[in-house]
Structures are given as structure tokens and as C-alpha cells.
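# Summary of structural features
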Amino acid sequence: MKSIDDYLKKIKTGIVPDKFKFRITEVGSVVEIKDGVAILDGMDNVSFGELVEFENGIKGMVIDIGIDKVGIIILGDYLKLGSGDKAYLTGLQASIPVTDDLLGRVLDPIGQPLDGLNSPSERMRNPLEKIAPGVVYRQPVSVPLQTGIKAIDALIPIGRGQRELIIGDRGTGKTTIAVDSIINQKGQNVVCIYCAIGQKESKVAAVVDLLKRYSVLDYSVILSASAATPVSQQYLAPYSACAIGEYFMDKGKDVLIVYDDLTKHAWAYRQLSLVLRRPAGREAYPGDIFYLHSRLLERACCLSKKYGGGTMTALPIVETLEGDVSAYIPTNIISITDGQIFLETDLFNSGVRPAINIGISVSRVGGKAQVKAMKQVASKLKLDLAQYREMAAFSQFESDLDEETKKFLNRGSKITQILKQNKHQLLSLSKQVSIIWAGTKGYLDELPLDKVTQFEDRFMEVLSTKKNEHLKRIEEQKAINTSDEKDLLLVVKEILKEFINSDNNKK
Amino acid sequence: MEKTIIYSAYKLDQSEVDLLTRKFPFIDQSNLENVIDKTLIAGVVIYHHSQIIDLSLKGRLNNLEKKLYEIDR
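So, how was this worked out
Residues numbered from 1 in each chain as written. Chains lettered and ligands numbered in written order. Predicted model: local features only at pLDDT ≥ 70, side-chain atom pairs only at ≥ 80, totals over all residues. Heavy atoms only, no water. Helix = DSSP H or I, 4+ residues; strand = E, 2+ residues; numbered from the N terminus. Rg over C-alpha atoms; globule rule 2.2 N^0.38 Å. Buried < 20%, exposed > 50% of the residue type's maximum accessible area, 1.4 Å probe, protein only. Contact = heavy atoms within 4.5 Å. Areas by Shrake-Rupley, 256 points an atom, 1.4 Å probe, with all protein chains shown as cover. Lys, Arg positive; Asp, Glu negative; His and termini not counted. Charge placed at Lys NZ, Arg CZ, Asp CG, Glu CD. Axes fitted to C-alpha atoms, helices over the stretch in contact; angles between N-to-C directions. Parallel < 35°, antiparallel > 145°, perpendicular 65-115°, else oblique. Nonpolar A, V, L, I, M, F, W, Y, C, P; charged D, E, K, R; others polar. Salt bridge = Lys/Arg side-chain N within 4 Å of Asp/Glu carboxyl O. Patch = residues over 30% accessible without salt bridge, like charges linked within 9 Å, V, L, I, M, F, W, Y side chains within 5 Å. Domains from an automatic or database assignment. Core = buried A, V, L, I, M, F, W, Y, C linked by side-chain atoms within 4.5 Å. UniProt positions renumbered as here; feature names shortened; annotations may be inferred. Polar contact = N/O pair within 3.5 Å; in protein donor to acceptor, adjacent residues only side chain to side chain. Pairing = 2+ DSSP bridges. 1 Å grid on protein atoms, 1.4 Å probe; cavity = no way out; pocket = protein on both sides within 12 Å on 5 of 7 lines; lining within 4 Å. Points joined across faces, edges and corners; volume = space filled by probe spheres on them. Expected span 1.5 Å × (residues − 1). Arc of directions from axis to C-beta.

### Topic: the overall build of chain B
When helices and strands are tallied, chain B shows two helices and four strands. Reading chain B from its N terminus to its C terminus gives the helix and strand order β-α-β-β-β-α. Its C-alpha atoms give chain B a radius of gyration of 14 Å, clearly above 11 Å, the size a compact globule of 73 residues would have. Principal axes of the C-alpha set define a box for chain B whose edges measure 50 × 25 × 20 Å. A buried classification covers 30% of the 73 residues belonging to chain B. Within chain B, counting contacts between residues at least 6 apart in sequence, those at least 24 apart form 59% of the total. Of the roughly 4,700 Å² of accessible surface on chain B, a fraction of 55% belongs to carbon and sulfur atoms. Within chain B, one finds 10 positive and 11 negative side-chain charges whose respective centroids are separated by 3 Å.

Here you go:
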């Protein structure tokens, strides 16, 4: 309980200095209420995107302005409104309060807390709608964002300031990749924002729990507009998350923002547009469905040093049906982002997890966002995998093939095995480089396929404990030189001997 | 010109109406209605077109309540 003195002090500083200024408030009265939308009469001097407040405290946002009517999406329970209810303009554009205290919090799209703690202070508000920084403000992406997932960091590298789409059917591991990227930012001084749009409440709770368990909630913000919330909140959620990200980016920080997922965001916007009687286009989406996502994703950028040098990396997630990436929303977002990571159900079911299809996944930033050490090992990896894919059809005739083809198939299957990774088990840069180096140099070719994972685990174990100085050197230099290769080779030979001995003992 | 409705806690006399018209030129004295609302305690609330200008004591007390609630957060 605070003492009365504290209260009185706060009142003196907070209220007394305020001079009385009268405001001309616009008022409107409700004429129609539709699903999540209210049509108002009056409100002559209203501007687009302004916040309104109804008499019973429910907030709304202006989204349609007509000659004698105003359309408002209701950011609350629209069932509590009735015809004739009055609404007052607040004079504020739709915005969300932003402070440094947002780290570690779970919020809804209008800034209200969902984790039971205090509301964030309203000292500074960031607008939800903002034109993205122009060409002059930007610089090319050059710093890598390590996801901790071998397949991504080696073959589809993501840089800070890039937009990389994660696309796949349901249940292929899209959210897992995004959340693993967040977990891997521990100690990297990156602010992470997870925006849940139309997700199950249980799923959002599971994500919060996961982040807490890995102690990463302290540098994350979670913004949730679950499937039970009004559609207007689902529509605004990504813009709120982006506004929070821009607050940190303008301070020069690196931000990682995950939009999970934009398909449900498009559905929410479609519902609002159809209720507002806007003309329907392809698949009943409104005409500005592309602009809906392009203006959101363009705000994720890499600012030049002159303007603070902050970056915002966006990982939007899109769910496809039956692997159809030529549907309306997926093609829209593919053309907006700087690359995509395709996840396939077939790969997932056959045990390749993360189920990334390397052949059609791409990162348009690519090697520019890779550390030298990774570039050295990744080029050979790409080549080996490409050759393996070409020969993959022949793998069923293994006994009738020539030696060369058999070699490619063997190498490819070993490398594919290396690229498999359990969820939430992330590897640092040096560990990734070490195991990929061992695979591409062919030291695993003699090992039977079912022993490759065991070899990898043992290799990592030895490197983290007895030979930790090798890893440290690679991390510091960010490159592999011949002496490092010699050291790693010794470790590899040692472990291979172990495996051969244990095999002999079993026989 | 649309009607202006002025809510006040007691009946306004001509000098007070003249003062208001000087400050808010959109008030048309021939198209004016003065309604008594004791709950305002003091001051006036002017309704014109879709606009409200709240100069009543009740309005200022409501604002104070909101401010105190915000400070307490």
C-alpha cells in the first residue's frame, strides 16, 4: 500500500501544472451495428485512422468516411453497444504506448496488458500506421541474424534487416523455426517481438511458457490477438507489433519480429472489408490486400548509420493449403519478402526436420549476411546437396549404379542427416561450422547412416568440453584456417576410432 | 444554420449569451436553445452540429477522475 504522501506528491506533479484547455469534441451517434463494425452519424471533422471512444469506454478506430456516415471498427466487445449510443473523437491517431518496460510483457494490440501486470506508461505513443523509411534512410543488409538452425544459417542465411517468409502447410514446423530463432537471440542484444494473429490461446500460452523456460522472455515482447478476440484487433495486431519494433529500431537496436501468421490476418481484413460492403475481388479479398501486407513488411528495414543504424528483421509466416504456393496470399507475400523458407509435409513425415526444401527455398541476401567461416563450408555443402538432389531419383537402383553416382548419393544422404535438427536444440556458429566442415570434407562417408547422428552428438560433446578452445577460436576469428582444420581433423579421427572400436566389441 | 443547444446549470441571461457568442462566433442567437441541466453544477456545454464544447464543472471533475486513475497505475 502506498502512503498518502506519495499519492499527494504524484497529484501535485501530474495534475496541478496542467492548464485548462477546452477541446471541441466531435460526437457521433450509432446508426447501425454490424459484426465488429459500427456505422455512425455525425462526426463531421473526423480523420482517417482516428481513435474514438464510446460512452461506456469501448474504443474504436475510424476506417471508413462517407458523406454523412463514418464506419468504425470496434476494438472491444461490440455486443455492449446499442443503437443511438454516442461516441467521441479522442483526437489521437491509432497508436500504442511504447516504453522500454514493454520487454517481457504480453500485450493486446491496443497496448492493454494480458499478463496481469500494470499497464505500460503512456508517456510516448507510436502510431500504428506509418510510411516506411525511404531509400535515403536505408543501407544494405550485411550483419547476419543467427537462427541456430544449421540448414538455415548455412544455406538460406538471414541478415538483420531482411524479410524472410516461412511458408508451409499446417503442422510442418513454421512456428517452431520462428520461436527457435527468437530463443537463439539470447545474448545477441536483439529485441524479439512475437505477434500472434488469430492463433489458439493455448498455442500462445505454450509459446510464452517456452520463452520463459529458456529465459528469453526478458528481451521479448509478445503481442497477442487470438482467435477469440474481435476481428478488428486481429487486423491491427501486426501494425501494433511493428510500431513497438520501430520504437526500439529508432533507438539503434536490432529487432526481430515474427508475424504468426499473415494468412489469418488477411482473413480478418477480408471479414472487415466485406462487412463494410467494400467491393470483393479474387477469393473475396478486397482490392487492397496486397497493400495491407506490403506496407507492413516494408517497415522492416536496415537503417543507415546516420539514422541510428537500427534494424528490424521480419519473419512473416504464411500457411498454405495442400502445398499450394500459387494461391493469392502466398504469391503476394512471396513477391514482397526477400526470400522464403519452404516447409513440406512430405519431408516432415519422412523424418527430415526441419522440413525445409532446400531446392526451392531462397534468401535474396544470401552470402552477404554470412560470416566468413560459414561461407567457406557452405559453398561445398550447397554443391553436394544439389548433386544429391539430381541423383535422388536413382537412389532406388542402388545396386545397378556406377561408383561416382553411389558416392554422390552417399555424401548427400550423410549431409541431409547432418542438417536434421531437434527442435529447441540450437547450435552456435562455431558448432555449425565444425559439423558441416566434417560432413563436406567426406569424413562421414565411411560411417553407416544410422550412426551419423550419434557421431554428431559425440562430436559436439567433445568440442564443448575437452576441445572448447577450438570452438572459441573459430568464434573469435569468424573464419577457419588450416590449423583449425588440423585440430578438428584430430577430434574427428578420434571419435571415428571410438565408433569402430565399439562396433568391433559388439561383434 | 443548424441549431445550437446550450446546456447550463441555471438559466443564462443575455449578457452571458453575448459573451459566449463573442468567443464562439458560430453561435446564431436567433437559432439558440438553452436547456437547464442541474447535474452540470456550473458552466455550460455547447452542442453545435456534431461538435461538443464541454465547459462545465461536471466535465472538469470527470477529467480529474480520469487523470487520478491514470496516475495510480
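### Considerations on the packing of helix α12 (residues 429-440) of chain A against helix α14 (residues 468-477) of chain A
Axis angle and axis distance: for two packed helices, these are the angle between their axes and the distance between the axes, and together they describe the pair. Residues and elements named next belong to chain A. The interhelical angle for the contact between α12 and α14, taken along N-to-C directions, is 110°, at an axis separation of 8 Å. On the basis of their axis angle, the class for α12 and α14 is roughly perpendicular. For the pair α12 and α14, contact is made by L429, S430, K431 and S434 and by L471, I474 and E475, respectively. Across the contact of α12 with α14, the residue classes tally to three nonpolar, two polar and two charged.

### Structural notes on the pattern of salt bridges
Residues and elements named next belong to chain A. Per the counting criterion, the structure on display carries 27 salt bridges over all chains. The partner of D338 in a salt bridge is R163, and the shortest N-O contact between them spans 2.9 Å. Residue D338 is located in the loop between α8 (328-336) and β15 (339-343), and its partner R163 is located in the loop between α2 (150-155) and β10 (165-168); the two are separated by 175 residues in the primary sequence. D484 is paired through a salt bridge with R473; the nearest N and O atoms lie 2.6 Å apart. Taken together, the residues D484 in helix α15 (residues 482-506) and R473 in helix α14 connect sequence positions eleven residues apart. We classify D484 as buried; its relative accessible area is 2%. Each of R138, R163, E298 and D338 takes part in a single network of salt bridges with overlapping partners.

### Considerations on a nonpolar patch on the surface
A surface patch of nonpolar side chains, about 400 Å² in accessible area, is lined by B:I41, B:L57, B:L61, B:L64 and B:L68. Position of B:L64 among the secondary structure elements: in helix α2 (residues 57-72).

### Focus: the domain arrangement of chain A
Each assigned domain of chain A is listed with its residue range as follows: domain 1 (22-94), domain 2 (151-370) and domain 3 (373-506). Between the C-alpha centres of domain 1 of chain A and domain 3 of chain A there is a distance of 62 Å.

### As for the side chain of A:K451
Residues and elements named next belong to chain A. With respect to the helices, strands and loops of the structure, K451 is situated in the loop between α12 and α13 (452-464). Classification of K451 as buried rests on a relative accessible area of 15%. Setting aside residues no more than four positions away along its own chain, K451 makes contact with F499 and D503.

### Regarding a negative patch on the surface
On the surface, a cluster of negative charge is made up of A:D41, A:D44, A:D68 and B:E2. Inspection of the secondary structure assignment puts B:E2 in the segment before β1 (4-8). The class of B:E2 is partly exposed, set by a relative accessible area of 38%.

### A short note on the nonpolar core
All names here are of chain A. Ranked by size, the top nonpolar core spans 69 residues in total, and within it L211, F455 and F459 carry the most contacts. Residue contributions to this core reach at least three from each of two domains, namely domain 2 (151-370) and domain 3 (373-506). Beyond its immediate sequence surroundings of up to four residues, F459 is in contact with S434, I435, A438, L488, V491, V492 and I495. The next biggest cluster of nonpolar side chains, apart from the first, holds 62 residues, and it includes I73, C242, I289 and I333.

### Notes on the UniProt feature "site: Required for activity" (unreviewed entry) in chain A
All names here are of chain A. This chain's UniProt record puts "site: Required for activity" (unreviewed entry) on S361. Relative to the elements of secondary structure, S361 occurs in the loop between α9 (345-349) and β16 (362-363). The residues touching S361, leaving out its near neighbours within four places in the chain, are I156, Q340, I341, F342 and I356. Only 2.9 Å separates the side chain of S361 from the backbone nitrogen of F342, close enough to count as a polar contact.

### Details of the sheet that holds strand β14 (residues 311-319) of chain A
Residue and element names in this part refer to chain A. On the basis of which strands lie adjacent, the open sheet formed by eight strands has the order β8-β12-β11-β13-β14-β10-β15-β16 and mixed pairing. Strands at the two margins of the open sheet, each flanked by one partner only, are β8 (106-107) and β16. Two elements, strand β13 (residues 254-260) and β14, share six bridges in a ladder whose sense is parallel. Pairing of Y259 across the sheet is with P316, part of β14.

### So, empty space enclosed by the protein
Residue and element names in this part refer to chain A. Scanning all chains against the criterion turns up one cavity of 30 Å³ or more. Here the largest cavity is characterised by a volume of approximately 50 Å³. Lining the largest cavity, in full, are P144, L145, Q146, D153, P157, I158, A369, Q370, V371 and M374.

### Observations concerning helix α4 (residues 201-213) of chain A
Residues and elements named next belong to chain A. End to end, α4 covers 18 Å across 13 residues, agreeing with the expected 18 Å (1.5 Å per residue, within 8%). Within α4, burial applies to V204, V207, V208, L210 and L211. Each buried residue of α4 sits inside an arc of 160° when the element is viewed along its axis, so together they form one side. Pointing more than 90 degrees away from the buried face of α4 are the exposed residues S202, K212 and R213. Those residues of α4 hidden inside the fold are in contact with β8, α3 (174-183), β11 (190-197) and β12 (220-225). S215, located one to two residues past α4, shows a positive phi value of around 55°.

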